[in-house]
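# Summary of structural features
The residues making up each chain are set out below.
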Amino acid sequence: RGRVPYMNGTFAAAENCWVGFIVLTEQASKQMEICLQINQAPSLQRLISGVQEDNRPAPETDSIEKVTSSSPLSGIFSAGIKQGSLYSLNSTCSEDGSFEKVDVSGEIEFDIRYIHNTSILEICIKACKNLAYGEERKKKCNPYVKTYLLPDKSPQSKRKTSVKKNTVDPAFHETLKYKIEYSQLEMRQLQVSVWHSGTFRRRVFLGEVVIPFQSWNFEDKSNQLFSWYQLKAKAEKSEDNMVHYSGELAVRAKLVSPSFCNSSEYEDQMIENTKRSMEDKTYPHYQLHLIILDAKHLPVTRSDGLLNSFVKSCLSIPGQRDMKQRTPVLKKQAHPQWKHLFVFNGVTTSQLQQSCLDLTVWDQASFGIRDQFLGGARLGTTFQTGTSDATSQAYLQWQKVLSSPNVWTDITLTLHSNAQVFNF
């Protein structure tokens, strides 16, 4: 028996069944609380990737993918729906080679166009024909198309169409879009691949097409028409030659001749020139000016996607001590904009022809922990990064700076994750 309160403040006796009901309700409440705690606990994938979970049910697919600026926290945009962590280990692993293969056959039809007033790259996927079966024994194929802007193989670079069921001649009529500056396109390649979606998230590679934009004419009307492309097998790559993309760093560089050195607009950040030797009269000293502008698509190291980032520079000249500088730390920013000037004094053009300038981006760690390397790039003498295009672009941009004194040159550098090749 128990005592149960009435609304007027009095109490009345209660039967055993009533008291028993209260006890059972408390037990159920505890069980519910435990279930909620388990449900809210981070998944293994969330702990590995640091991506926020999105437990909403998947909506119906749309035919046009939404335009969105990539950010470190962006998930996969599949048919206009942000899937959060569902880009997942499965998709990432499939790009590293752990996917099923078939004998590639068939073609894909699409067109490419660039909208200058909105800085949007559009890839209009129309159809495929004569695809191989994703499951040969069952004569089954559920194809979809996936694209990347190489060398970026991160989730932020991925776009894909909806899945078409039970067909080797799918019609998509879907447009995949990228927000990207026109000046960056010449350093990119468009990878268009076709996949079979099997049961239990099994993926089978059906073929791909890779189009370099270095020589692509976006103004040519014929390039904006739908064209058929033969699907090809994926090129075999060793682990040592794989490109590890870590974002992009925008800088502005200028070689300042001696007659301009005293009239620079950045006198407050200048360093005193070193004493000149007799040889300097024959080979006058220059100043190398480098403005660190901003960085995009940096790796995510925290669950909130924010970084305490800074940039280190190291100018290596043969036979001389390395010249090192660094920017201030910008705290809690996903897309840092430093706009900081580095000035390297007492250099000659002949020295710079044989030198290299390494720029590395870091995330400042808490007390007692080492700063985390986010990515690096090199201007000057080349090194092996796994792609000749990225290396040659950096070398050509460096030569442009040296051959055009007193003129600013805007440069967008691809950051790579192999810290061992950089000086800092």
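Everything numeric here is computed off the predicted structure, so don't read it as measured data.

### Section: the packing of aromatic side chains
For any pair of aromatic rings, the description rests on two quantities: the centre-to-centre distance and the angle between the ring planes. The full count for this structure, using the stated rule, is 13 aromatic pairs. Where Phe110 meets Tyr229, the ring centres are 4.5 Å apart and the plane angle is 20 degrees; that geometry is what we call stacked. One end of the pair, Phe110, is in strand β6 (residues 107–115); the other, Tyr229, is in strand β13 (residues 227–230), with 119 residues separating them in the sequence. Each member of the pair, Phe110 as well as Tyr229, is classed as buried. An aromatic cluster is defined as three or more aromatic residues linked by ring pairs; in this entry it consists of Tyr114, Tyr182, Phe213, Trp216 and Phe218. One Lys or Arg, Lys126, reaches over the ring of Phe226 and ends 5.1 Å from the middle of that ring.

### Some points on unusual backbone geometry
In this model, Asn130 sits at a positive phi of 60 degrees, which is unusual for a non-glycine residue. Relative to the helices and strands, Asn130 resides in the loop between β7 (120–129) and β8 (143–150). Asn130 gets classed as partly exposed once you look at its relative accessible area, which sits at 49%. Phi is positive for Asn406, close to 65 degrees, though the residue is something other than glycine. Mapped onto the secondary structure, Asn406 falls in the loop between α6 (388–403) and β22 (409–416). Judged by relative accessible area, which is 27%, Asn406 ranks as partly exposed.

### What to know about the environment of Val104
Looking at the element boundaries, Val104 is found in the loop between β5 (100–101) and β6. C-alpha of Val104 to C-alpha of Leu131: the two residues are 27 residues apart in sequence and 7.6 Å apart in space. Apart from the residues lying within four places of it in its own chain, the contact partners of Val104 are Phe205, Leu206, Gly207, Leu231, Lys232 and Ala233.

### Topic: the sheet that holds β7
Here four strands make up an open sheet; going across it, the order is β10-β7-β6-β13 and the pairing antiparallel. Both outer strands of the open sheet, β10 (171–179) and β13, are each paired with one neighbouring strand and no more. Strand-to-strand twist across the sheet, computed as the mean angle between neighbouring axes with direction ignored, equals 30 degrees. Where β6 meets β7, nine bridges bridge the pair, whose relative direction is antiparallel. Counted as the bridge partner of Asp111 is Cys124 from β7.

### Considerations on the pairing of strand β14 (residues 245–256)
Within β14, eleven of the twelve residues are buried, which leaves the element mostly enclosed by the surrounding structure. Of the pairings in the sheet, the one linking β14 to β22 comprises seven bridges and is antiparallel in character. What sits directly across from Glu248, in β22, is Thr414. Two strands pair when backbone bridges link them, and β14 and strand β15 (residues 286–296) are joined in this way by nine bridges, in the antiparallel orientation.

### Points about the state of the cysteines
Tallied over the full model, the rule gives zero disulfides. Cys128 supplies the cysteine sulfur nearest to Cys141, a cysteine that is in no disulfide, at a spacing of 8.9 Å. Since its relative accessible area comes to 1%, Cys141 is described here as buried. No disulfide involves Cys356; its sulfur sits 7.3 Å from the nearest other cysteine sulfur, which is in Cys314. For Cys356, a relative accessible area of 7% gives the class buried.

### A short note on the nonpolar core
Judged by nonpolar contacts, the single largest core of 32 residues is most densely connected at Leu249, Ile292 and Leu357. Breaking this core down by element, the ones donating at least two residues are β14, β15, β16 (307–316), β19 (337–347), β20 (356–363), β21 (372–380), α6 and β22. Here this core takes five residues from β15, the largest share from any one element. The next biggest cluster of nonpolar side chains, apart from the first, holds 30 residues, and it includes Leu121, Ile125, Ile211 and Phe218.

### Here's the deal with the confidence of the model for the chain
Here the chain shows a mean pLDDT of 74. Residues at 70 or above account for 65%. Contacts of residues 51–94 to residues separated by more than four positions or lying in other chains number 98 contacts, the stretch itself having pLDDT below 50. Scored below 50 in pLDDT, residues 264–283 shows 23 contacts in the model against residues more than four places distant or in partner chains.

How each quantity is defined
Residues numbered from 1 in each chain as written. Predicted model: local features only at pLDDT ≥ 70, side-chain atom pairs only at ≥ 80, totals over all residues. Heavy atoms only, no water. Phe/Tyr/Trp six-rings, centres within 6.5 Å; stacked < 30°, edge-to-face > 60°. Helix = DSSP H or I, 4+ residues; strand = E, 2+ residues; numbered from the N terminus. Buried < 20%, exposed > 50% of the residue type's maximum accessible area, 1.4 Å probe, protein only. Lys NZ or Arg CZ within 6 Å of the ring centre and 35° of its normal. Contact = heavy atoms within 4.5 Å. Pairing = 2+ DSSP bridges. Axes fitted to C-alpha atoms, helices over the stretch in contact; angles between N-to-C directions. Disulfide = S-S within 2.5 Å. Core = buried A, V, L, I, M, F, W, Y, C linked by side-chain atoms within 4.5 Å. pLDDT = per-residue confidence, 0-100.

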